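Inside the fold
So the chains spell out like this:
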Amino acid sequence: MFSLKQNCWFIKKVVIWRAVSSIAWSVLLLPVTTAVFVLLSRFNLFHPIQWISECTSLLTASSTIFSLVVLCGVVLMTGFFNLEFYTLVPSIPCSRVALLGTVLHPRQCVHSLVYCTMGMLVMWCASVTIGGRYSTLGTPCRQSESGEFVTCLNEYHLFLLLAGAFMGYSHSFLGVVQNMYYVSFQPIQQYKYPRFKGCLPAVVKCSVIQSLYSARNFAALYFFFGYVPKTWISSTLNLQIDSSLQPLDSLTGLIDFSLLYHLAISGTFLYLTWYLTVLLFRIYVTEAYSFPVQSTFTEDAEQCLPKVLAEKNTLVMKFLALQDLALLSQHSLSRRLEVFSLSQPGGHPHNWNAISKECLSLLSELTHRLVAHQDAVASNGRVKSQSASSDTRSVSSSSSVMSGTEDIPETPRLGVPLRTPGSVFKSSVGGVHSSLTAPFTSDADSPFSSPAIRRLVGQQEPQSPWFGTVQSPHVMRRGPKLWSASTESQTNGSPPASPATVSSPPAANQKPSFLAQWLQNRREQVKSFLAKRVLIVYLFNKLPEASSQALFADSQAHIWALQGLSHLVAASFSEDQFGVVQTTLPSILSCLVVLLEAVDRHFKLPHASSKPARTICSMGDSTYKTLRFALRAALKTAIYKITTTFGEHLNAVNISSEHRKRLQQFLEFKE
């Protein structure tokens, strides 16, 4: 989620100006959409000349110009909300109660209230434009008893205003349910105009379909509860109710083709105004941006690609930098040579070191996340036994040779106990976190979640021995082990610690008090009681595929990292004059193979390999539901890219035998 308080050069110089450009184009399109709405609202098949003359005079009327001014204000507010609420990592609630909590969040309630108000404003402009019986809220009428003229409530005008509020809330609600503020990047780059032209028919279709659904739902709602706002407004504004007209909260009143037609086209105009603003914002924000690989001046160093890739606060800049890395690795020879170049003076490959370090860090983080999820699923809320833990595969750092003083981050490798970073469950890419993007957030808050799951996602105290690195679930309840101290001492070169120096805590401190035991028993009783209630289980049960989708919610960044690394490594076979890539080739290959094994194990879990159901036409971007399949395809493509380029030369690379066997399958095209 974006915040205008972010103090970053990229936000000030790029993102805000792109948002302003999208809003400006939305405002420029308002006269066009308004003219189409006027033509449809005054449609008259049998008198076409009169129809065109009335529309022409209406478009130049002062009421229409004032309505355009109001609509410009609505578009500006919509553009501001797009800039404030957009996200590059979708919010995926893992249970229905988590989704309900998001809908009822105070921030979302304010958002819904604002959109209800904007919906009423748009519908007021539409009713004024249509004219006739929809023009004003009060209309003169004759009393049946005295025969005097009084001001009565115009229920047709009220009907359209309430419909606008209902559609505004529907748009805000669907923005949460369908992740409408999720901005995805297109796999095939297009210029802005061709992309807008290609998406325009789909936007119009979605506007019509959503308007028909909203009109149907609102008509049913008004049929049952329409008398409540009608009575309240008439008494508040001291307006009489015309008894000579058929009320609209009745079946005969709602069966009015003209009313339903104007409601449908007004709703289409409303949704089209909002959807065009959303579409233009997505097109402008996701436009490719070219970062310089290296800079001549020191003050511009923070704008270079190696520095930008390490950014942790501005997620949109990091995504665009990874996209630029993937593009330059495929299409720009001159910029690839800058990546492979050496620094002067010193002769160090700083550019390649920084780029490969960040890419390997992203891939290693995803590997840790997948392995931790598999451990949590395998434990199923129970602590693994000592014998079962010996079969668990984990990741470790493989040796990497780097020139200069910069190091490549630890690459996952099998063979040593897993240490899962606490940030796996708190952030996706670059440390940016939303409470609903964490795959296990809803389970941890659930009353039925297991202690093992809560320990995985829980915060660690700085005084805790597990602070900074979190062990796998099967070792969470172990006491201090002598081998841990000896391993560390051997690594540092010091002699192993004596067994006498390891003191165990007193038994009295480990035994819980009577009050704590009693509270724990009562808690388990309440949990078992609630677990038998059907409604509670329905609300707290995990949604199918939710955990898998949440694990790969930010995988677009990993896909670009895979593409950038693989194409740079493949290009280095003929373009790397100094051999800077060859020193890190073992680490890259090991990282890719370990990630592939973790992905393969994940797809064996329930619901992980099932395709998502096709949804109806909506503006919500659902591409995140298939990101795990795209990542697996990109990972295999990256490995094939390297193996087909180097061929049998990979036999000379210093990697483990297990990794060599897996790479041999790629060399023989058996994967």
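The structure displayed is predicted, hence computed values, not measured ones.

Summed over all chains, the structure comprises 16 salt bridges. When the shortest N-O distance is used, the salt bridge between Arg369 and Glu365 registers 2.8 Å. With Arg369 and Glu365 both in helix H14 (residues 350-379) and 4 residues apart, the pair spans about one turn of that helix. Taken individually, Arg369 and Glu365 each receive the classification buried, so the pair is uniform in this respect. The partner of Lys670 in a salt bridge is Glu668, with the nearest N and O atoms 2.9 Å apart. Here Lys670 falls in the exposed class, since its relative accessible area comes to 61%. On the basis of relative accessible area, Glu668 is assigned to the partly exposed category, the value being 38%. Overlapping salt bridges, with partners in common, bring together Glu155, Lys230 and Asp249 in one network.

Within the structure shown, the criterion is met by 1 disulfide. The residue that forms a disulfide with Cys141 is Cys152, at a sulfur-sulfur distance of 1.5 Å. Here Cys141 is found in strand E1 (residues 138-142), whereas its partner Cys152 is found in strand E2 (residues 149-153), with 11 residues between them in sequence. According to the relative accessible area criterion, Cys152 is buried, its value standing at 2%.

Looking now at the UniProt feature "transmembrane region" (unreviewed entry) in the protein. When the UniProt feature table is mapped onto this chain, "transmembrane region" (unreviewed entry) is found at residues 23-45, 57-79, 113-136, 156-177 and 259-281. The span residues 57-79 is 91% helix and 0% strand, and its two end C-alpha atoms sit 31 Å from each other. Note that residues 113-136 is 75% helix and 0% strand, and that its end C-alpha atoms are spaced 23 Å apart.

Quick look at the nonpolar core now. Among the nonpolar cores identified, the biggest contains 85 residues, and Phe10, Tyr86, Phe291, Val316 and Trp352 are the most heavily contacted of them. Phe10 has contacts with Val15, Tyr289, Phe291, Val316, Met317 and Leu320, leaving out every residue within four places of it along the chain.

Relative to the helices and strands, Ser67 is located in helix H3 (residues 62-85). Of the polar contacts made by the side chain of Ser67, one reaches the backbone oxygen of Ser63; its length is 2.8 Å. Leave out the neighbours within four places in its chain, and Ser67 touches Cys125, Val128 and Thr129.

Conventions adopted
- Residues numbered from 1 in each chain as written.
- Predicted model: local features only at pLDDT ≥ 70, side-chain atom pairs only at ≥ 80, totals over all residues.
- Heavy atoms only, no water.
- Salt bridge = Lys/Arg side-chain N within 4 Å of Asp/Glu carboxyl O.
- Helix = DSSP H or I, 4+ residues; strand = E, 2+ residues; numbered from the N terminus.
- Buried < 20%, exposed > 50% of the residue type's maximum accessible area, 1.4 Å probe, protein only.
- Disulfide = S-S within 2.5 Å.
- UniProt positions renumbered as here; feature names shortened; annotations may be inferred.
- Core = buried A, V, L, I, M, F, W, Y, C linked by side-chain atoms within 4.5 Å.
- Contact = heavy atoms within 4.5 Å.
- Polar contact = N/O pair within 3.5 Å; in protein donor to acceptor, adjacent residues only side chain to side chain.

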